[in-house]
Amino acid sequence: MQDHLLFKGLGDRKRVAIKFAIDLALWVLATPLAFALRLEQNVGAYAEGIGWLLLVGVPLKALVVFVLRLPWHSWYKVGIRDLVVLLQGVAVVTVFLVGIGFFLSSTVTIPRSIPLIEAMLAVLLLSFARLTARTVSETQRQRTAGKRDDGRQVLIVGAGEAGTMIAREMLRHPEAGLRPIGFADDDPGKQKKRFLGLPVLGNLDSLPAILAMYRVDEVLIAMPSEAGDVVRRVVEHARRAGIEHRIIPGVYELLSGQVSISQIRKINLEDLLRREPVRLDVSDIRAYVGGRVVLVTGAGGSIGSEIVRQVARFGARRILLLGRGENSIYQVHRECRKTWPALDVVPLICDVRDRDRLAYLFEQHRPDVVFHAAAHKHVPLMEGNPDEAVLNNVGGTLNLSELALAHGVERFVNISTDKAVNPTSVMGASKRVAEYVVGRAANHAEPGHSFVSVRFGNVLGSRGSVVPLFKQQIEEGGPVTVTDPEMKRYFMTIPEAAQLVLQAGGLGTNGRVYVLDMGEPVKIVDLARDLIQLSGFEPDLDIPIVFNGIRPGEKLFEELLTAEEGTDSSRHEKIFVARKQAVEGGDLDLHLGVLFEAARSRDPEAIMRALAAIVPTHMLPIPKHSPETGQEEHLASDSEHVLKAEVGV
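Quantities reported herein were computed from a predicted structural model and do not represent experimental measurements. (Residues numbered from 1 in each chain as written. Predicted model: local features only at pLDDT ≥ 70, side-chain atom pairs only at ≥ 80, totals over all residues. Heavy atoms only, no water.)

*Asks:* Help me out: how do you make sense of the side chain of Thr94 in this one?
*Replies:* The residue Thr94 is located in helix 3 (residues 80-103) in this model. Residue class for Thr94 comes out buried when judged on its relative accessible area of 12%. Setting aside residues up to four positions removed in sequence, Thr94 forms contacts with Pro115, Leu116 and Ala119. (Helix = DSSP H or I, 4+ residues; strand = E, 2+ residues; numbered from the N terminus. Buried < 20%, exposed > 50% of the residue type's maximum accessible area, 1.4 Å probe, protein only. Contact = heavy atoms within 4.5 Å.)

Okay, structure coming up:
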């Protein structure tokens, strides 16, 4: 309770006592007023009825005021919820008084409308007292703050719930030195209107004129649910005008505790796409997922867990959560049991390299659909551990695809990457070979069954991706580290990736490699700048950006297709089919034998040569041991020299 300005100098107990007396007096006064309004000149004839209602009503009203703790409510912050409590209390008393009127009707004459009239008067009187107290308190605050001349002119962008809430708080607390001058909003229905007495000065396109005309000192962006391109446009206008800006988080973000570092706005990953999120048609997914046993490998990962969530919504009979990390599998299993308690979800701890364990699980659970998301994906780490990349990404895919064939799996969807195109890294090359392995299985699939791969770019917010790293660096105050100012990548959100995987399984064409149209690639440095700005900071001023050089296995530009592949359209405008060049079955078997032997021998040179022999468009540096120096040299492929010439390395 904070009515300090209204009851200045009084202790808590005295304030409670005074407000208790005011409430009770006004409520009791409503009884004779109700008779006066109803009967006008004949009030005296009903003195006995007034006496009975007062005799019964006074203690009852005092009890309700105390039980609802009305004197403990703050009057200068009174709101709708406080008035709802008043209505509830008045309703209880009114029902009781109506009953008393019927009970005494044989001895005392009380008009039946009196309790209802009294109820309306009580609500008006009690509400009036609170609104008067609030008005007096706010007037006193404004007079006190009016003596100050250091206030800042503030333009609020967004006249929605968040914007009006911010404006209301600034008006209530002028001592903060922030004076709202009005709103800017793109909603045509809000133009030329006033909210809280403040005008809507124009739309976002008129921001430069508004900022110049009204001598704005600060822009508050109160659009927590707006798209990132809109927020960026406002920020750019403020920057050009040399005016400070802040992004106000949504109330739900403040309450959840998810807003960090000076209450910055929680970043919506779709803000960073620089395109509209892809919304795929999922109508045909239920046909092959509903009522089936679905196995998801890598179910504890970012993509795997989202696939599990999507599959759960389409009525799978059973979902098998396969992964080798027990903690992540436990978390996904726990989430599924809480969200879909009736769904049969089975956690399976298994390494996809363990063929015997996989064979046992296939025999035991007989999956109908397999989504293969388990893979090593960190490019620099795989450069230092090429044997693990091969055994996990290629060997695991081979184990799963062959077991899926042997057990009659109807749909097998392998998750690939844009790094598999003209790969310069071990990780990318291993995923390209995995595509060939799935294509090999497709050649042996039964009619009506399909084995496909899905190729997409970087996934925003996935574990080990650049966005969580940037956000952590921003929270630590910087610097944000970017490898190269020209590095570009294709990006998509985790739900987009999962929907693409499910959609690819529903297209039902065997042996295909599907590619998502993800718009234009985004510069990593632009992504970093967007994150810094959307967090409420100024790039290079508040948070510095530092370039630390390309890491092993990385390249400046990723591609979704090789020059030789090209694409065909599919049933969905945002999904294309790569006309891939497959390796002949016999040749692939021979090459895989050499590759696995090199991996089991832990021989990096042999691994690189074996990968290069399988992937015709590779740009892998081939290590060669020099007998003269005793050092390892790197013999770049012709295509690598071409790449270096193109980017000026």
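Let us keep going from here.
*Asks:* Before we go on, may I ask you to explain the pairing of strand 8 (residues 318-323) in this structure?
*Replies:* For a regular strand, the rule is simple: side chains alternate between the two faces of the sheet. Within strand 8, five of the six residues are buried, leaving the element largely enclosed by the surrounding structure. Sheet topology places strand 7 (residues 293-297) next to strand 8; five bridges connect them, and they run parallel. Looking at strand 8, one finds that Thr297 is bridged to Leu322. Taking the sense of rotation as the criterion, the β-α-β connection linking strand 7, helix 10 (residues 302-312) and strand 8 turns out right-handed. Here strand 8 runs beside strand 9 (residues 344-349); their pairing, made up of six bridges, is parallel. Pairing of Leu322 across the sheet is with Leu348, part of strand 9. What joins strand 8 to strand 9 is helix 11 (residues 326-339), and the crossover it makes is right-handed. (Pairing = 2+ DSSP bridges. Right-handed = clockwise from strand over helix to strand, strands pointing away.)

*Asks:* Could you clarify how one ought to interpret the pattern of salt bridges in this entry?
*Replies:* Side chains that differ in charge, positive against negative, can pair when their charged atoms come close. Under the counting rule described, the total for this entry stands at 24 salt bridges. Asp23 is the partner of Arg130 in a salt bridge, and the nearest nitrogen-oxygen pair spans 2.8 Å. Highlighted residues: Arg130 in helix 4 (residues 114-145) and Asp23 in helix 1 (residues 12-39), separated in sequence by 107 residues. The pair formed by Arg130 and Asp23 is uniform in burial state, with each residue classed as buried. A salt bridge links Asp351 to Arg324; the nearest nitrogen and oxygen atoms lie 3.1 Å apart. Here the residue Asp351 occupies a position in the loop between strand 9 and helix 12 (355-365), and Arg324 occupies one in the loop between strand 8 and helix 11, the gap between them amounting to 27 residues. Arg324 sits in the partly exposed class, given a relative accessible area of 45%. Overlapping salt bridges, with partners in common, bring together Arg324, Asp351, Arg353, Asp387, Glu388 and Arg602 in one network. (Salt bridge = Lys/Arg side-chain N within 4 Å of Asp/Glu carboxyl O.)

*Asks:* Sorry if this is basic, but what is going on with the side chain of Ser430 here?
*Replies:* Position of Ser430 relative to the elements: it lies in helix 15 (residues 426-442). Setting aside residues no more than four positions away along its own chain, Ser430 makes contact with Ala389, Asn393, Val394 and Leu611.

*Asks:* Before we go on, may I ask you to explain helix 3 in this structure?
*Replies:* With 24 residues, helix 3 extends 35 Å from end C-alpha to end C-alpha; this agrees with the ideal 34 Å at 1.5 Å per step. Among the residues of helix 3, those classed as buried are Asp82, Val85, Leu86, Gly89, Val90, Val93, Thr94, Leu97, Ile100 and Gly101. (Expected span 1.5 Å × (residues − 1).)

*Asks:* Explanation requested: empty space enclosed by the protein in the structure shown.
*Replies:* Sizing a probe to match a water molecule and rolling it over the atoms shows the empty space that remains. Applying the stated criterion across every chain, the model contains two cavities of 30 Å³ or more. Its volume calculated, the second largest cavity comes out at about 30 Å³. Leu295, Leu320, Leu348, Leu361, Phe362, His365 and Pro367 are the residues that line the second largest cavity. At three residues, the largest contribution of residues to the lining of the second largest cavity is made by helix 12. Here the lining of the second largest cavity is built from residues that sort into six nonpolar, one polar and no charged. (1 Å grid on protein atoms, 1.4 Å probe; cavity = no way out; pocket = protein on both sides within 12 Å on 5 of 7 lines; lining within 4 Å. Points joined across faces, edges and corners; volume = space filled by probe spheres on them. Nonpolar A, V, L, I, M, F, W, Y, C, P; charged D, E, K, R; others polar.)

*Asks:* Please explain the pairing of strand 7 as it appears in this structure.
*Replies:* Most of strand 7 is tucked away: five of the five residues are buried. Note: strand 7 against strand 10 (residues 369-372), four bridges, orientation parallel. Bridge pairing in strand 10 places Val294 opposite Val369.

*Asks:* Would you explain unusual backbone geometry in this entry?
*Replies:* Unusually for a residue other than glycine, Leu196 sits at a positive phi of about 60 degrees. Along the chain, the position of Leu196 falls in the loop between strand 3 (194-195) and strand 4 (198-202). Look at Arg602: it is not a glycine, yet its phi comes out positive at around 55 degrees. With respect to the element layout, Arg602 can be found in the loop between helix 19 (585-600) and helix 20 (604-614).

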